[in-house]
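If you want the building blocks of each chain, they are given just below.
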Amino acid sequence: MAQTSWQDYVKLLQGLAKTLGQLAQIEREKNAAASSGDLAKVEDCMKREQAMSLSLRGYDQKREAMLAALGLTGVPLSRLEEHSPEEHYLAVKAAAEELRRQYEIFQAASQAARTTLEVNLRAIERAQTVQAGDSAQAEEERKQHQTDFRA
């Protein structure tokens, strides 16, 4: 039973790493869309992110249940291989390392996309401010150039 549980846990970690890889790809797509001003693509990426976040929640619940079944509640990913049976040590270590690597890739892609979105948002806000200022200035000039025709 314990061997099957460890094999299942390794598969779960591998699936989670794959999902994070997909999420990182979505972040790269969102970054490219934000850079090119493709708002529809940014929105599509955000919808896909939301769907993936539900998947991640499911993985997290399964992970916690499996850790509890293995008697490893509270053991961090970085120390997981220390608790694995010898016959699963290499598989657990590889899966944990891949998961950490995919998480780092995701974080980098996510930060890049966030930065690009923030920069573009500031540019849009500045453009709106200038446009609003131009409108106000044009209205003021129009009022100044009106002729008073009172008789």
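Residues numbered from 1 in each chain as written. Predicted model: local features only at pLDDT ≥ 70, side-chain atom pairs only at ≥ 80, totals over all residues. Heavy atoms only, no water.

Peer 1: Tell me about the nonpolar core, residues and numbers included.
Peer 2: Core analysis: the biggest nonpolar cluster contains 24 residues, and W6, Y9, L13, L72, L80 and L99 have the highest contact counts within it. Counting residues per element, the ones that place at least two in this core are α1 (2-36), α2 (39-69) and α4 (89-144). With 11 residues, the top contributor of residues to this core is α1. Other than its neighbours up to four places away in sequence, L72 contacts W6, L67, L80 and H83. (Core = buried A, V, L, I, M, F, W, Y, C linked by side-chain atoms within 4.5 Å. Buried < 20%, exposed > 50% of the residue type's maximum accessible area, 1.4 Å probe, protein only. Helix = DSSP H or I, 4+ residues; strand = E, 2+ residues; numbered from the N terminus. Contact = heavy atoms within 4.5 Å.)

Peer 1: Give me the side chain of K30: which residues, what numbers.
Peer 2: Along the chain, K30 falls in helix α1. Not counting the four nearest positions on each side in its chain, K30 is found in contact with V42, C45, M46, E49, A113 and L117.

Peer 1: How would you explain the pattern of salt bridges if you had to name every residue and give the values?
Peer 2: This structure, assessed with the given rule, holds eight salt bridges. Its salt-bridge partner being R63, residue D60 comes within 2.7 Å of it at the nearest N-O pair. Here the residue D60 and the residue R63 both occupy positions in helix α2, the gap between them amounting to three residues, near one helical turn. Note on D60: relative accessible area 33%, which makes it partly exposed. Given a relative accessible area of 23%, R63 falls into the partly exposed group. Of the charged contacts, one joins E98 and R101 as a salt bridge, the two residues approaching to 3.0 Å between their closest N and O atoms. Of this pair, E98 and R101 both sit in helix α4, three residues apart, which is roughly one turn of that helix. Relative accessible area serves as the criterion here: at 30%, E98 is assigned to the partly exposed category. Counted as one network, the salt bridges with shared partners bring together E29, K41, D44 and R48. (Salt bridge = Lys/Arg side-chain N within 4 Å of Asp/Glu carboxyl O.)

Peer 1: Lay out the packing of aromatic side chains with the relevant residues and their values.
Peer 2: Ring pairs (aromatic) are described by centroid distance and by the angle formed between their planes. Applying the stated criterion across every chain, the model contains two aromatic pairs. Residues W6 and Y9 carry aromatic rings whose centres are separated by 6.4 Å and whose planes lie at 85 degrees to one another, so their mutual orientation is edge-to-face. Of this pair, W6 and Y9 both sit in helix α1, three residues apart, roughly one helical turn. As far as the burial class goes, W6 and Y9 line up, both buried. (Phe/Tyr/Trp six-rings, centres within 6.5 Å; stacked < 30°, edge-to-face > 60°.)

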